[in-house]
Amino acid sequence: MSAPGSTVSGVPHLDVDPFDMNFFADPYPTHELLRETGPVVYLDKWKLYGVARYAEVHAVLNDPATFCSSRGVGLSDFKKETPWRPQSLILEADPPEHTRTRAVLSKVLSPTVMKGLRERFAAAADQRVDALLEKRSFDAIADLAEAYPLSIFPDALGLKPEGRENLIPYASLVFNAFGPPNELRKEAIARSAPHQAYVTAQCQRDNLTPGGIGACIHAHVDDGAITATEAPLLVRSLLSAGLDTTVNGIGAAVYCLARFPDQWQRLRSDLTLARNAFEEAVRFESPVQTFFRTTTREVDLSGATIGEGEKVLMFLAAANRDPRRWDKPDSYDITRRTSGHVGYGSGIHMCVGQLVARLEGETMLSALARRVASIEITGEPKRRFNNTLRGLDSLPVTISPA
Ligand code: 4IA
């Protein structure tokens, strides 16, 4: 006999859809329900297991042999369905294949490479903030969170100027496609042909400027680390994962600092907090909200039995606010010890571009804190709906000079 709402394997079922608009509008009550219902839950709507507590999210991320990525990190199981685009050689791969491709991206996004980018990023951030101080009133999403990464990241990769308007729509498609076959996913894929064509072409060696990160990936063909067929797909990973994520991360940070003026003043009085203020925004808002794994065998997870070939949805955002792990989880505190948050994942797949993200976040928040006295929200923030990304579509603000 099993209790009502419970299966024989002891996993409680919930009737919630974590991919619908009402959920996106305010996910926090549902995150709490998911965490408090049990360490593992089953969501009937999409036939998937869910984990929303920090301990289980961390455990799943750190057992890649049991919870694999090669069957896709979206709802679609690549063993049963053809992927909507050629499989990523890093995100959607397991060891040993993953280890080799990861090493290449790790090298081209290393601390040494960041040293070469820092001055350019800092100058572009200062320039962007100066331009915004001229306007005083602007949209913090379009004019700041999007404009700043767009002014540095495509150049750092070595993309030609034409066609860059495809980058954000392409990334938005990638993140919608991780979700279930709802309207967001179906419409994104239906409109995807021009964005896919653009990205595929820009990943070719001939289309990447010498000295850029894209060209550095191709250079690893010459030393035998990867093949000429693999290189364009690894460039594609940076085009997929490197822009919309930092747009939403910077958007989250500005939204936090505008909503919590005490934290803004704290940052202004100590610029060395800029990097942690960004990191805390990544914990607090979790721009990448969720990810899946697929079980490679039957497994016991915190007392729940999960069969082979099941999809497990990790609620990174809920783990990042789990009161079992965090003091005052719902407070944005720029002096918090943020290490251990899973906003960049954890384990062997943990964000390989995290140093670029942090460099962008730090340079922008530092530029703002040096030059701006106040950030006031002057209109209704509008949410942008995506199956994986959390962020705003517009955030009207007025700033005053320091
Ligand atoms: C890829 C998780 C997200 C940031 C991501 C998206 C796409 C890829 C990697 C990571 O295409 O490899």
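Everything discussed here concerns the structure shown above.
Residues numbered from 1 in each chain as written. Predicted model: local features only at pLDDT ≥ 70, side-chain atom pairs only at ≥ 80, totals over all residues. Heavy atoms only, no water.

J.: I'd like to hear about the site of the ligand, residue by residue, with values.
T.: All residues adjacent to the ligand are Arg-85, Ser-88, Ile-90, Leu-91, Phe-175, Ser-237, Ser-240, Ala-241, Thr-245 and Phe-291. The separation between an oxygen atom of the ligand and a polar side-chain atom of Ser-88 is 2.7 Å. Between an oxygen atom of the ligand and a side-chain N or O atom of Ser-237, the distance comes to 2.6 Å. Look at the ligand: alone it shows 330 Å² of surface, and the protein chains cover 86% of it. The cavity where the ligand resides is the largest cavity. Residue contributions to the shell around the ligand peak at three residues, all from helix H11 (residues 230-241). (Near = heavy atom within 4 Å. Polar contact = N/O pair within 3.5 Å; in protein donor to acceptor, adjacent residues only side chain to side chain. Areas by Shrake-Rupley, 256 points an atom, 1.4 Å probe, with all protein chains shown as cover. 1 Å grid on protein atoms, 1.4 Å probe; cavity = no way out; pocket = protein on both sides within 12 Å on 5 of 7 lines; lining within 4 Å. Sits in = over half its atoms within 2 Å of the grid points. Helix = DSSP H or I, 4+ residues; strand = E, 2+ residues; numbered from the N terminus.)

J.: Can you break down the packing of helix H4 (residues 97-108) against H11 residue by residue, with the values?
T.: Remark: H4 packs on H11, axes separated minimally by 11 Å, with the N-to-C direction vectors making an angle of 60 degrees. The angle between H4 and H11 places the two elements in the oblique class. In this structure, the crossing between H4 and H11 has a hand that is right-handed. Contacts from Arg-100, Thr-101 and Leu-105 of H4 reach H11 at Glu-230, Leu-234, Ser-237 and Leu-238. Each residue belonging to the contact of H4 with H11 can be placed in one class, and the counts come to three nonpolar, two polar and two charged. (Axes fitted to C-alpha atoms, helices over the stretch in contact; angles between N-to-C directions. Parallel < 35°, antiparallel > 145°, perpendicular 65-115°, else oblique. Left-handed = near helix turned anticlockwise from the far one by under 90°. Contact = heavy atoms within 4.5 Å. Nonpolar A, V, L, I, M, F, W, Y, C, P; charged D, E, K, R; others polar.)

J.: Can you lay out the pairing of strand S3 (residues 48-51) for me, pointing to particular residues and giving the numbers?
T.: Covered by surrounding structure in S3 are Leu-48 and Gly-50 together with Tyr-49 and Val-51, the residues of both alternating faces. Pairing between strand S2 (residues 41-43) and S3: three bridges, direction antiparallel. The residue of S3 that forms the bridge with Leu-43 is Leu-48. Linking S2 back to S3 in an antiparallel pair, the connection comprises four residues, with Lys-47 at a positive phi of about 55 degrees. Inspection of the sheet shows S3 paired to strand S9 (residues 311-315) by three bridges, in the parallel sense. Within S9, the position partnered with Gly-50 by the bridge is Leu-313. (Buried < 20%, exposed > 50% of the residue type's maximum accessible area, 1.4 Å probe, protein only. Pairing = 2+ DSSP bridges.)

J.: I'd love a proper account of H4, names of residues and values included.
T.: Taken together, the buried positions of H4 are His-98, Thr-101, Arg-102, Val-104, Leu-105 and Val-108. Burial along H4 is one-sided: seen end-on, the buried residues are contained in an arc of 155 degrees. In this structure, the buried residues of H4 make contact with helix H5 (111-135), helix H10 (213-222) and H11. (Arc of directions from axis to C-beta.)

J.: Talk me through empty space enclosed by the protein; I want residue IDs and the actual numbers.
T.: Summed over all chains, the structure comprises three cavities of 30 Å³ or more. Of the pockets and cavities examined, the largest cavity occupies roughly 830 Å³. What lines the largest cavity is a set of 41 residues, and nearest its centre among them are Leu-91, Ala-241, Thr-245, Cys-351 and Val-352. Of all the secondary-structure elements, those providing two or more residues to the lining of the largest cavity are H4, helix H7 (167-177), H11, helix H12 (244-259), helix H14 (274-285), strand S6 (290-295) and helix H16 (354-371). (Points joined across faces, edges and corners; volume = space filled by probe spheres on them.)

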